[in-house]
Amino acid sequence: MNELQFLTWVRGPGLDIAVGIFLLGTVWRLFEIYTLGRGKDLAAPRRAAGASGLHTVFRRSLPPPGMLKRSPVSYIGGYIFHIGLAVIVFLGAPHIMLIANLTGLSWPGLPAQIIGLATVMTMAAMLAMLVDRINKPAKRFLSTFEDWFTWAVTFLPVLTGWMAVQHLLLPYTTMLALHILSVEILLIVLPFTKLFHVFTLFGSRWYNGSANARKGVPV
Amino acid sequence: MQGPLIDTLARQGVSRRTFLKYCATLASMMALPPAAGLAMAEAMAAARRPSVIWLPFQECTGCTESITRSHSPTLEGMIFDMISLDYQETLMAAAGHQAEEALHAAMKANHGKYLLIVDGSIPLGQDGAYSCIGGRSNLEILKEAAQGAAAIIAVGTCAAYGGIPKARPNPTGAVSVSDIVKDKPIVNIPGCPPVPVVMTGVLAHYLTFGSLPDLDDKGRPRAFFGETIHDRCYRRPFYDQGKFAKTFDDKGARRGWCLFELGCKGPVTHNACATAKWNGGTSWPVESGHGCLGCSEPDFWDAGDFYKALSMPAHPPTSVVAAPVAGATAGAAAGFANRAKKNAARKARQPITVADLEK
Amino acid sequence: MTLDVIPIHVVPRHAGAALPGEPGLSGNAPPLLRELAEQVRHLLETGEPSAIDLSALPLTPADLDWLREKLGSGEIAVTLQANGESTLDETACAGVWWVTHRNEQGAVASQFIEVAFVPELVKAHPADVAIGRERLEFMVSENH
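So, how was this worked out
Residues numbered from 1 in each chain as written. Chains lettered and ligands numbered in written order. Predicted model: local features only at pLDDT ≥ 70, side-chain atom pairs only at ≥ 80, totals over all residues. Heavy atoms only, no water. Contact = heavy atoms within 4.5 Å. Buried area = accessible area lost by both parts, 1.4 Å probe. Salt bridge = Lys/Arg side-chain N within 4 Å of Asp/Glu carboxyl O. Helix = DSSP H or I, 4+ residues; strand = E, 2+ residues; numbered from the N terminus. Nonpolar A, V, L, I, M, F, W, Y, C, P; charged D, E, K, R; others polar. Polar contact = N/O pair within 3.5 Å; in protein donor to acceptor, adjacent residues only side chain to side chain. Buried < 20%, exposed > 50% of the residue type's maximum accessible area, 1.4 Å probe, protein only. Expected span 1.5 Å × (residues − 1). Domains from an automatic or database assignment. Patch = residues over 30% accessible without salt bridge, like charges linked within 9 Å, V, L, I, M, F, W, Y side chains within 5 Å. Areas by Shrake-Rupley, 256 points an atom, 1.4 Å probe, with all protein chains shown as cover. Lys, Arg positive; Asp, Glu negative; His and termini not counted. Charge placed at Lys NZ, Arg CZ, Asp CG, Glu CD.

A short note on the interface of chain C and chain B
Then comes step 1: Contacts between chain C and chain B engage 33 residues on the former and 23 residues on the latter.
Then comes step 2: Together chain C and chain B conceal approximately 2300 Å² of surface at their shared face, both sides included; 58% is due to carbon and sulfur atoms.
Then comes step 3: For the chain C face of the interface with chain B, the top three residues by lost area are C:Pro58, C:Asn83 and C:Leu121, together amounting to 19%.
Then comes step 4: For the interface between chain C and chain B, the tally reads zero salt bridges.
Then comes step 5: The set of elements that each furnish at least two residues to the side of chain C that touches chain B consists of β1 (50-53), β3 (85-90), β4 (96-102), β5 (108-115) and α3 (126-143) of chain C.
Then comes step 6: Considering only residue class, the side of chain C that touches chain B consists of 14 nonpolar, twelve polar and seven charged.

Here it is, written out as structure tokens:
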């Protein structure tokens, strides 16, 4: 298989497989989670839940008092790489083109230089967080294979995409194919690992917030 | 095989400056430093004419058209004065048995020394019956001719990689020259058709240095195929600035912006079009407003839509309908299983009363 | 049918009016001036000629016009008739030559900027000079 055949495969059959597994896994897991239901709380609520669910969705994105000082790398790095990923995926011109190609929706993107800067910052933040995870004994102790693995599958698309654009190391054809392949691996892995938080994040925050309010701790 | 080339040329009224000028242009085409033109001229002037045999197989004659019609009488035409083309079905006056005799005579007289040029792919299906010359299959002819060749030049994408005959579903079982001949040096000059000066360039290299040029991993001379169309494209700066034509008749197209989004395969295609150009340097596909098709790459015909950007899916993912349905089914099934489990757990539960607690 | 029916109109470009950043200009031409300055310095220090192969660079026609305009024209313009016309024109910067090789149909086959005291192609080759001498001697002997 030469590099053009490789690229043709990842653009065609490879993408089919990855998108298929991603959609199958995502719909499956969402279905299963929501049909699971929640046990009835037989105790009388301390108070009405009010808007605690909604508030929690946002408040959990802010560091609790004192925590920013205790683990600055987790918080600052976390912000940078999450926002960076969103900027790259949703405001990078080639990605908007991809979305337009698949759905017909499109919007203006950011100049390539700004996307390049966001990419470098995202990678730097992710690397800093990896080093932090290795250096901090508690973090290292809590880390399982899944943590290292999901870090890698998130990092690789960013790295290969940047290298393809900058024409580094390998010819553009190969690098672009590797970039698409790494995204496909991410798509396949996403529904079955902790990366599924992309979908469950807000639902679970809402649930926790409103449950806490019922128990008398509104936010 | 007579005296030095420069004498042959002089007899034909070709002056040294004409020759120098030709070499300067050739060196430029071969992406050699400008000074190399002089060195080439000196070496080539002293070279002798090699015998060349040209075999056409499963092809459309487009490659021969490209080379002979380039712009004769021409600079490129000059190179044909430098070789002794002993067999070329399309161009030679002889036909039938006479032609076959000429072929065998040339093969015998120059055994082990002639250059073999092949255009067209070789069909293996039906014992090669899809393409025969004088009742003999292409496979048989190629094997015989390859034996006495010093080197083989596979001209055109068909000879180099199987080309369009090999496109899915490949009804004739077409293969390339290098799929069959394993024990001879082979130079691939792909393109559909190939750029004329690339072929003359390879011949010039053979004349100049007595060897074949440096090849890449696909058997192509690096001098011409070392860089992508994209790297040498005059529209490249627009790509870097993010200025793209979105349709073939919008503002961007009129201003000559990059054709990447219209499906240009320039970034993955190695060829010399951007520098050598076509029709005597008049223009080339991208300059005329159409993206590169990638014709010098193996299996270009099956490499996805010609008009779809390289970074886009080759076709809309076919799994988008089936996969969510399958996921929903699996999810619902899992939901039912979970529910059954919960019900079973509820049934098995032993209620605890206040009395139990006070025990 | 007249040409006006076709909805494409040629917009004339003012020669020399273009600046980098304007349509048609890629911005790749100005750095060549720096390279030329370096090559001229090299010529003066070592006497070695050098050249820039213009057809190998991603330059638009507007870039070439801009460069040609910038370099200006000098005192010498050599025309060579050899399988199509070639022009070797000195630019306003002495030692910098704009060399264009054309084929018999008049299309540009290759284009260089040469940095040399005299371009190699202009000099007569000793072998050709020897032939010329033979010819002269033959004429002299004939007249005796």
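Structure's up, so let's keep going.
Some words on the interface of chain A and chain B
Then comes step 1: Each partner contributes to the interface: chain A provides 30 residues, whereas chain B provides 38 residues.
Then comes step 2: Among the residues chain A hides against chain B, the three largest losses belong to A:Leu4, A:Arg11 and A:Met97. Together they make up 22% of the total.
Then comes step 3: Counting the contacts that link chain A with chain B gives zero salt bridges.
Then comes step 4: Here chain A and chain B share eight residue pairs in polar contact (both at pLDDT 80 or more) between them.

Here's the deal with the environment of B:Cys273
Residues and elements named next belong to chain B.
Then comes step 1: By secondary structure assignment, the location of Cys273 is in helix α14 (residues 273-276).
Then comes step 2: Judged by relative accessible area, Cys273 falls into the buried class, the value being 9%.
Then comes step 3: Along the backbone, Cys273 and Thr61 are 212 residues apart, and their C-alpha atoms lie at a distance of 20 Å.
Then comes step 4: Discounting chain neighbours no more than four positions away, the residues touching Cys273 are Val195, Ile229, Trp278 and Trp284.

Some thoughts on helix α5 (residues 72-91) of chain A
Since the α-helix advances by 3.6 residues per turn, residues separated by three or four positions end up pointing in the same direction.
Residue and element names in this part refer to chain A.
Then comes step 1: End to end, α5 covers 27 Å across 20 residues, agreeing with the expected 28 Å (1.5 Å per residue, within 8%).
Then comes step 2: Considered for burial, the residues of α5 that qualify are Gly77, Gly78, Phe81, Gly84, Val87 and Ile88.
Then comes step 3: Residues of α5 that are buried in the fold lie against α6 (93-103), α7 (112-135) and α9 (145-166).

Digging into the domain arrangement of chain B
Then comes step 1: Splitting chain B by domain gives domain 1 (49-223), domain 2 (227-315) and domain 3 (320-357).
Then comes step 2: Measuring from the centre of the C-alpha atoms in domain 1 of chain B to the corresponding centre in domain 3 of chain B gives 71 Å.

Concerning a positive patch on the surface
Then comes step 1: Together, A:Arg38, B:Arg339, B:Lys342, B:Arg346 and B:Arg349 make up a region of like positive charge exposed at the surface.
Then comes step 2: Along the chain, the position of B:Lys342 falls in helix α15 (residues 319-348).

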